[in-house]
Amino acid sequence: MAEAHSAVAFSFSITHEGWDVNFDREVLHLVWASGIRSWKKRLARFKNNVRNGVFPAPLQSLWAMMGIVLALRYANNTFIKYTDIILQYLPGTSYIWQIVSCFILSLTFWLILIYIVRYTFKIMLMYKGWMYESRGGHKVSLQTKLWGLGVKLLSSKSKPLLYSYQGSLPKLPLPPVNETMKRYLKSVRPLMNDSEFESMIKLANEFENGIAVKLQRYLWLKSWWSSNYVSDWWEEYVYLRSRTPLIVNSNFYGTDAIMLHSTSIQAARSAMIIWQCLQYRRLIERQELEPIRVQGLVPLCSWQYERIFNTTRVPGAVSDKIIHYNDSRHIVVYHAGRYFKVIIYSQNRILHPCEIEEQIQSILDNTEKPYVGEEKVAALTAADRTHWANTRTQYFFKGINRQSLDAIEKAAFVVTLDEVPYEYDPKNPKKLDEFGRILMTGKGYDRWFDKSFTLCIGSNGRVGFNAEHSWADAAVMSHLWEFIIFDEAKKSGYQENGHTKGAPELEPPKPIRLQWNLEPVLEAIEKSYQVSLDLVNDIDLRILAFSDYGKGFMKTAKVSPDAFIQMALQLAYYRDAGKFSLTYEASMTRLYREGRTETVRPCTLESSTWVKSMLDPNVDTNKRITLLREACATHQRGYQDAMCGKGIDRHLFCLYVVSKYLEIESPFLNKVLSEPWRLSTSQTPHGQTTQFDLRKFPNCISAGGGFGPVANDGYGVSYIIAGENLVFFHISSKKSSPHTDSNRFAVRITEALNDMKSLYDDWERSSKEPSS
C-alpha cells in the first residue's frame, strides 16, 4: 500500500558489520520537491508582505527616492551634511560607503513618506458620509466629491494585492451607550404594547445609568487595544462555544447556476469545479485575487479569505477551535460510504482537469464496500459538539483512525459524489426544493460538516456546496462560488461529449482509500446519526423562483431593492402570523478591519405602519405609497448605520460578554439577548467579481443559497436578486412547529410582492388621470 511504502522509504539499522542504510530515491525526491515548494511559498509570502506593508506606494518608488537623494548629494553641498552624519556610524568613508549612506537616508525619507501617506489614507477611509448620499452626481456633496478624488489618487498608484488594504482599514468604532439605547427602544416599539414598552424603557434607563457605564469602559479599552472589538468574541461565543449540531442550525448551502448544465458527466464536472477551486486557492495564496472595493473606491476587509481552504473546525468539550493549515496537497472525496485521499499536485504543478477526471472516475468505478461504520462516520460532525469532542478524544487520537481523520481535516476541502441527481425544472418546483434540501443536510452523514466547505456533486453533474459558518460569512463563499460559475462559463472547458478538454500529460496519483477501525465507535456514530436524522426529517424547505418582476421594477419604484423585498417579507409575515416579530437581517461590517456582520432590524415603526395600511381598506393608494417609501428609507438608513458601526446588536452583545466576565447580572441585557428571531433573513450578494457580466453570460444565474431557521417556531429566509426579472427565496422552517409552513410562507411572499406591484400600478394610473 502507498502509505506503507512511504513508511519504509528511509530506514537504518546497526549490525555487527556496521551501519545498514536503506532509502527510496523516489520518496526522497518527493520530500525534496515538497520542501522546495514550501520555501517558494514562504518567499512569495515575504515579498507580498513587504508590498502590502508599503501600500499604496509601489516598491519602485524607493529607487526613485534613492535617485533623488544621490542627485542632491552630489549637486548640493548643503545636503552633504545629512549623509556625513550617517557616515560617522559606518565602517568607512569610501565611495561605496557614501552610496550606502545615501541609501540609508533615502530609505528613511521613503518610510516616513509612506507612513504619512498610509495614515492619511486610513483617516480618509474613516469618513462614511458617502454611504448616506445618493449615487447621483447632483446629490453628492462637495466634501464627498473631494474625498472620493483623494481616495482615488492615493489608491491608484499601485495595483493592490488581496491584503494590501488591511493595514489602512480603520477599526470598528464603539458607539456611545445612549445612542445604542435610543436605537434599540425605537426598534422594539412596534413589537410591544404600551405597558410592555414602558417596562422596557424603565429597564433600559436603569441599565444605561447604572452598570452600562462600567461595562462600556471595559469595552472601550478592548476597542482601543484590539483590531476589532466584536469579531473574536462573536466567533467564540456565537459559533465555537455553541454545543448545538451544525447541521441545519449553523451550516449553510449554495446552489449551482441552474440555467446552465455544462455536462451531465459527474466525473467531468467534479474535475472542473475542483480544478477551479484550486485556481482560486492559488490566487489567494499569491494574493492575486482582486480585493473588493465598494463603488470601485472603498476597500472591504479581506481577512476572512485566508481560511476558505485547508481549514477545519475541531470539536472541544467546552469550545471548538478553528484550525487553518498553511498548505495542503490533497483533497478528500466521499462516495458510496467510502473516503479517498486524492493528491492534486504532481511534478510541482496542479493536476489538469482531465487528469483529475481520471482520478474521480476511478473512485466512481471502485466497487469496494465501506468499512464497518465508515459510511456514517461524518454524522459525528453533524450532531452535538461535546459528544463529538469526547468521541474524538477517545477513538480518534491514535492509529489508523487518527491518520484518516488527519487526512480529512488537513485536506484543502472535501468533495461528496452523491448518487442522486440534482434537478431543476420550472414546471416542477419541488425538484428545486429537493436540490436545496440535499445540499443543506444530505442524508445527515454524507457531508463533513466540520470542514470549511464540502463540495457536493450530483450524479447528473450539477453542483453545490455545504459550508461551515464559524470561519467566515456567506459573502466570502459567495465570492468563490461566483468566480467558479463565471470562470467555468467563460473558459468552456468541456468537449462535445461532455468530458473535460485536453489529454493527460502524466499518470495522476491514484486515490488512496482511507482506513478505519470504527467497530468500537459504532454506538457513538449511531447516537449522532439519530440526532442528525431527526433534524433532517424536521426541516421544511421551499425555494421560490419569483419571476413576475425583479430588480428592474424595484429601481423604477425609486427605492432600494433590498428594502423593497424586506417590506414584502414584513407584509408576508404579518399575514402569516397575524403579528409582527423581531426580524434579523445580516449586513456586513467589512468596511472595518476584521469586520464580519451586524444586524439590521427591518421591523420598524414605519414598516409596521405601512403593513397595517395595506390591510386597511380605508387607506388610499397615495397614502400607502408614501408610507412604503418612508418605510424603505428608514430601512435603508438602518442598513447604512449597521455597515458604518452604528448597529444595535453587536454592541449589546459585547456589553453582555463583559458583564459575564465581571459576573454582573443585567436584567436588561438578559432580556435583550433572549429575544427570539422568528424571522431571520439574509440577502445573498452577487456581482462581487470583476468578471461578473450577465449580458455576456445571461444564464450564469445562481439560485443562491440558504440556511435553517434560527427559532424553532420561525422562518429562515435567504434571497438573491438574480436578475432584472428574477428573485429566488430560500424559505426554511421546522415541520414540528404548528406555527410555520414554508410552502404557505412562499405563497404569502408571492402575494405580498404582487400586491406591491399592483399598488404602484394603481398609483401610476391615478397620477396620470386628470384631476376632476
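Owing to the predicted nature of the structure, the values given are computational and were not obtained by experimental measurement.

Draft legend 1. Region of the structure containing the overall build of the protein. The helix and strand tally for the protein stands at 25 helices and 22 strands. The C-alpha atoms of the protein give a radius of gyration of 29 Å, which matches the 28 Å a tight globule of 772 residues would have. With the principal axes as the frame, the protein shows a C-alpha extent of 110 × 85 × 60 Å. Buried residues in the protein amount to 54% of all 772 residues. Within the protein, contacts between residues at least 6 apart in sequence are counted, and of these 77% link residues at least 24 apart. With the model as given, the accessible surface of the protein reaches about 34,900 Å², and the carbon-plus-sulfur share is 55%.

Draft legend 2. Representation of the packing of aromatic side chains. Enumeration according to the criterion identifies 37 aromatic pairs in this entry. Between the aromatic rings of W388 and F396, the centroid separation amounts to 5.6 Å while the plane-to-plane angle is 80°, which identifies the pairing as edge-to-face. Residue W388 shares its accessibility class with F396, and that shared class is buried. An aromatic cluster is present here, built from Y334, Y339, W388, F396, W448 and W516 joined pairwise through their rings. Over the aromatic face of W233 sits the side chain of K222, whose NZ or CZ is 4.4 Å from the ring centroid. Lying over the aromatic face of W234, R650 brings its terminal NZ or CZ to 3.7 Å of the ring centre.

Draft legend 3. Looking closely at the sheet that holds strand 16 (residues 539-546). Here we have six strands laid out as an open sheet, ordered 16-22-21-19-17-18, and mixed in their pairing. Two strands bound the open sheet, and with one partner strand each, they are strand 16 and strand 18 (597-600). Each neighbouring strand pair of the sheet contributes to a mean axis angle of 20°, computed without reference to strand direction. Across four bridges, the pairing between strand 17 (residues 583-588) and strand 18 is antiparallel.

Draft legend 4. Examining the nonpolar core more closely. Counting 113 residues, the largest nonpolar core has Y305, I308, F413, F453, L455 and F668 as its most contacted members. In terms of residue count, helix 11 (residues 266-285) provides more of this core than any other element does, 11 residues in total. Each residue touching F453, except ones within four places of it in the same chain, is listed here: C277, I308, F309, F413, V414, N466, A467, M477 and L480. F553, M554, V559 and C603 belong to the second largest nonpolar core, which has 43 residues in total.

Draft legend 5. Highlighting a nonpolar patch on the surface. Together, W220, L221, W224 and W225 make up a nonpolar patch on the protein surface, roughly 590 Å² of accessible area in all. Within the secondary structure, W225 sits in helix 9 (residues 212-225).

Draft legend 6. Geometry of the pairing of strand 12 (residues 414-417). Residues V414 and T416 line one face of strand 12 and the alternating positions V415 and L417 line the opposite face, and both faces are buried. Two strands pair when backbone bridges link them, and strand 8 (residues 330-335) and strand 12 are joined in this way by four bridges, in the parallel orientation. Paired with V332 across the bridge in strand 12 is V414. Where strand 12 meets strand 13 (residues 453-457), four bridges bridge the pair, whose relative direction is parallel.

Draft legend 7. Quick look at the environment of Q60. Note that Q60 resides in helix 3 (residues 60-75). By relative accessible area, Q60 is classed as exposed at 56%.

Draft legend 8. View of helix 9. Along its 14 residues, helix 9 runs 20 Å from first to last C-alpha, staying within 8% of the 20 Å computed at 1.5 Å per residue. If you follow the buried residues of helix 9, they end up packed against helix 7 (177-188), helix 8 (194-208), helix 10 (231-240), helix 23 (649-661) and helix 24 (667-673).

Draft legend 9. Representation of the environment of K660 in the model. Looking at where K660 falls in the secondary structure, it is placed in helix 23. For the pair K660 and S674, spaced 14 residues apart in sequence, the C-alpha separation works out to 15 Å.

Draft legend 10. Summary view of helix 12 (residues 353-365). Across its 13 residues, helix 12 extends 18 Å between first and last C-alpha, which sits within 8% of the 18 Å expected from 1.5 Å per residue. For helix 12, the complete set of buried residues consists of P353, C354, E355, I356, E357, Q359, I360 and I363. Contacts from the buried residues of helix 12 go to helix 11, strand 8, strand 9 (338-343), strand 11 (349-350) and strand 12.

Draft legend 11. Looking closely at the sheet that holds strand 9. Spatial ordering of the open sheet is given by 15-9-8-12-13-14-3-20, a layout of eight strands whose pairing is mixed. Taken across any chain shown, the strands that pair with only one partner, and hence form the sheet edges, are strand 15 (512-513) and strand 20 (705-706). For strand 13 and strand 14 (residues 463-467), the ladder comprises five bridges, and the chain directions are antiparallel. Bridge pairing in strand 14 links L455 to F465.

Draft legend 12. Quick look at unusual backbone geometry. In this model, V248 sits at a positive phi of 75°, which is unusual for a non-glycine residue. Along the polypeptide, V248 turns up in the loop between helix 10 and strand 3 (252-255). Positive phi, close to 55°, is recorded for Q295, a residue that is not glycine. Tracing the chain through its elements places Q295 in the loop between strand 4 (293-294) and strand 5 (298-299). The exposure class of Q295 is partly exposed, given its relative accessible area of 47%.

Draft legend 13. Representation of the confidence of the model for the protein in the model. Residue-level pLDDT values for the protein average 90, and 93% of them are 70 or greater. Note on residues 1-10: pLDDT is under 50 here. Beyond four places in sequence and across chains, it has 14 contacts.

Draft legend 14. Highlighting the side chain of R392. Within the secondary structure layout, R392 lies in helix 14 (residues 385-395). Take R392: its relative accessible area is 7%, and that puts it in the buried class. When near neighbours in sequence (up to four residues on either side) are disregarded, R392 contacts V314, P315, F397, R402, L405 and E409.

Draft legend 15. The side chain of N251, seen in detail. Tracing the sequence through the fold places N251 in the loop between helix 10 and strand 3. Exposure remark for N251: the relative accessible area of 2% places this residue in the buried category. Side chain to side chain, N251 and N466 meet in a polar contact 3.0 Å long. The residues contacting N251, other than those within four sequence positions of it, are L246, F449, N466, A467, E468 and H469.

The rules behind these values
- Residues numbered from 1 in each chain as written.
- Predicted model: local features only at pLDDT ≥ 70, side-chain atom pairs only at ≥ 80, totals over all residues.
- Heavy atoms only, no water.
- Helix = DSSP H or I, 4+ residues; strand = E, 2+ residues; numbered from the N terminus.
- Rg over C-alpha atoms; globule rule 2.2 N^0.38 Å.
- Buried < 20%, exposed > 50% of the residue type's maximum accessible area, 1.4 Å probe, protein only.
- Contact = heavy atoms within 4.5 Å.
- Areas by Shrake-Rupley, 256 points an atom, 1.4 Å probe, with all protein chains shown as cover.
- Phe/Tyr/Trp six-rings, centres within 6.5 Å; stacked < 30°, edge-to-face > 60°.
- Lys NZ or Arg CZ within 6 Å of the ring centre and 35° of its normal.
- Pairing = 2+ DSSP bridges.
- Axes fitted to C-alpha atoms, helices over the stretch in contact; angles between N-to-C directions.
- Core = buried A, V, L, I, M, F, W, Y, C linked by side-chain atoms within 4.5 Å.
- Patch = residues over 30% accessible without salt bridge, like charges linked within 9 Å, V, L, I, M, F, W, Y side chains within 5 Å.
- Salt bridge = Lys/Arg side-chain N within 4 Å of Asp/Glu carboxyl O.
- Expected span 1.5 Å × (residues − 1).
- pLDDT = per-residue confidence, 0-100.
- Polar contact = N/O pair within 3.5 Å; in protein donor to acceptor, adjacent residues only side chain to side chain.

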